[in-house]
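Residues per chain, in single letters:
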Amino acid sequence: MKVKNILISQPEPADIEKSPYYDLIKKFGVSLTFRKFFVIEPLTAKEFRKERINLLDYTAVIFNSRHAVDHYFRLAKDLRVEIPDTMKYFCVSESTAYYLTKYVQFRKRKIFHAKENMDVMQELFKKHKTEKFLLPCSDTHKQDIPQILENLKIQYREACMYKTLPADLKDIDISKFDMLVFFSPSGIKSLSINFPAFKQGKTLIGVYGPTTIEAATSAGLKIAVPAPTATAPSMTMAIEQFLTAEAKKK
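Each value, and the rule that gives it
Residues numbered from 1 in each chain as written. Predicted model: local features only at pLDDT ≥ 70, side-chain atom pairs only at ≥ 80, totals over all residues. Heavy atoms only, no water. Helix = DSSP H or I, 4+ residues; strand = E, 2+ residues; numbered from the N terminus. Pairing = 2+ DSSP bridges. Axes fitted to C-alpha atoms, helices over the stretch in contact; angles between N-to-C directions. Contact = heavy atoms within 4.5 Å. Parallel < 35°, antiparallel > 145°, perpendicular 65-115°, else oblique. Left-handed = near helix turned anticlockwise from the far one by under 90°. Phe/Tyr/Trp six-rings, centres within 6.5 Å; stacked < 30°, edge-to-face > 60°. Buried < 20%, exposed > 50% of the residue type's maximum accessible area, 1.4 Å probe, protein only. Core = buried A, V, L, I, M, F, W, Y, C linked by side-chain atoms within 4.5 Å.

Colleague: Got a minute to help me understand unusual backbone geometry in this structure?
Modeller: Phi is mostly negative for residues that are not glycine, and the peptide bonds are mostly trans. Here the bond from Ala-227 into Pro-228 is cis, since omega is 0°, no more than 30 degrees from zero. Mapped onto the secondary structure, Pro-228 falls in the loop between β11 (225-227) and α9 (235-248). The phi angle at Arg-52 is positive, at roughly 55°, despite the residue not being glycine. Looking at the secondary structure, you find Arg-52 in the loop between α2 (45-49) and β4 (60-63).

Here's what the structure looks like:
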């Protein structure tokens, strides 16, 4: 199958020519359309109070995204809570840890990151088992971190601080794309809500991450390009390998 048009369910990179996606465009001549499939709606301080969570009851915070960072400090400000310098922060990735410095000064004994590796994250938790953890999150989030904390019998609390809602995609002609690429279960959900009559047919589906793969499979989608894999740790690499293999079939 000749792949010409690919829909990426993420915002377009700030500088597309410096992104891995540009390599796909140059190498395979594909047309890429970027469109975020969901929007983030913050919880107000009034809504958050209903959870009856006192931010200062916790000695450590776990951040699994930049959204979590932003909304944690937004709510702290709205609630007029001053986060103490003694607070410890555990981030799933180095980029999230770096983003955190927008709000706090970086210190080795204060900010920890797991390089997007849950095994590393687990080891970090083991070394700080006496901390009382808060996990800022959306109304729909992965359960990998809570599961680790449960297994280690570590005290923690999930704190819903924002909602993930389907974006309005009615202006998109979904039938013109040869491949759709998803990065979260929210994207899969948005597909079904915006395009209830969608039938996969010959449309190729690319999916990143185990929870997204599970959501796609549950939705009855056949996955052609899964990631990460042993040879393709990123979605762009997985797409490149797929397109290379397809080209060799000619």
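Colleague: Would you explain the sheet that holds β11 in this entry?
Modeller: What holds strands together in a sheet is hydrogen bonding between their backbones, with the strands either parallel or antiparallel. Taking strand neighbours across the sheet as the criterion, the 5 strands line up as β2-β1-β9-β10-β11 in an open arrangement whose pairing is parallel. In the strand order of this sheet, the two ends are held by β2 (31-34) and β11, each with one partner. Across the sheet, the mean angle separating the axes of adjacent strands is 15° when strand polarity is ignored. Across the face of the sheet, helix α8 (residues 210-218) comes into contact with β9 (179-182), β10 (204-208) and β11 while running at roughly 145° to β10.

Colleague: It is not clear to me how the packing of helix α1 (residues 20-28) against α9 should be interpreted in this structure. Could you clarify?
Modeller: Working note: a packed helix pair is described by the angle between its axes plus the distance between those axes. Direction vectors running N to C along α1 and α9 enclose 10°, while the axes themselves pass 10 Å from each other. Taken together, the axis directions place α1 and α9 in an arrangement best described as roughly parallel. Two packed elements cross with a definite hand, and for α1 against α9 that hand is left-handed. Along the contact surface, α1 presents Pro-20, Tyr-21, Leu-24, Lys-27 and Phe-28, while α9 presents Thr-236, Ile-239, Glu-240, Leu-243 and Thr-244.

Colleague: Could you clarify how one ought to interpret the packing of aromatic side chains in this entry?
Modeller: The geometry of an aromatic ring pair is captured by the separation of the ring centres together with the interplanar angle, meaning the angle of the planes. Inspection of the entire model under this criterion finds 13 aromatic pairs. On the numbers, 5.5 Å between centres and 70° between planes, the contact of Phe-63 with Tyr-72 is edge-to-face. One exposure class covers both Phe-63 and Tyr-72, and it is buried. Geometrically, the ring pair formed by Phe-90 and Phe-133 is edge-to-face, given 5.1 Å between the ring centres and 70° between the ring planes. You can see Phe-90 sitting in strand β5 (residues 88-91) and its partner Phe-133 sitting in strand β7 (residues 133-138), a full 43 residues away along the chain. For the pair shown, Phe-90 and Phe-133 are each scored as buried. Members of the aromatic cluster, connected to one another through ring pairs, are Phe-63, Tyr-72, Phe-73, Tyr-89 and Tyr-103.

Colleague: Can you help me understand the nonpolar core in this one?
Modeller: One broad rule of soluble globular proteins: the nonpolar side chains tend to lie buried together. Core analysis: the largest hydrophobic core is formed by 27 residues, its most contacted members being Phe-63, Tyr-72, Phe-73, Tyr-89, Leu-100 and Met-161. Looking at this core, the elements that each hand over two or more residues are α2, β4, α3 (66-78), β5, α4 (94-100) and β8 (156-166). With 6 residues, α3 is the single largest residue contributor to this core. For Leu-100, the residues in contact, after removing those within four places along its chain, are Phe-63, Val-69, Phe-73, Tyr-89, Cys-91 and Ile-111.

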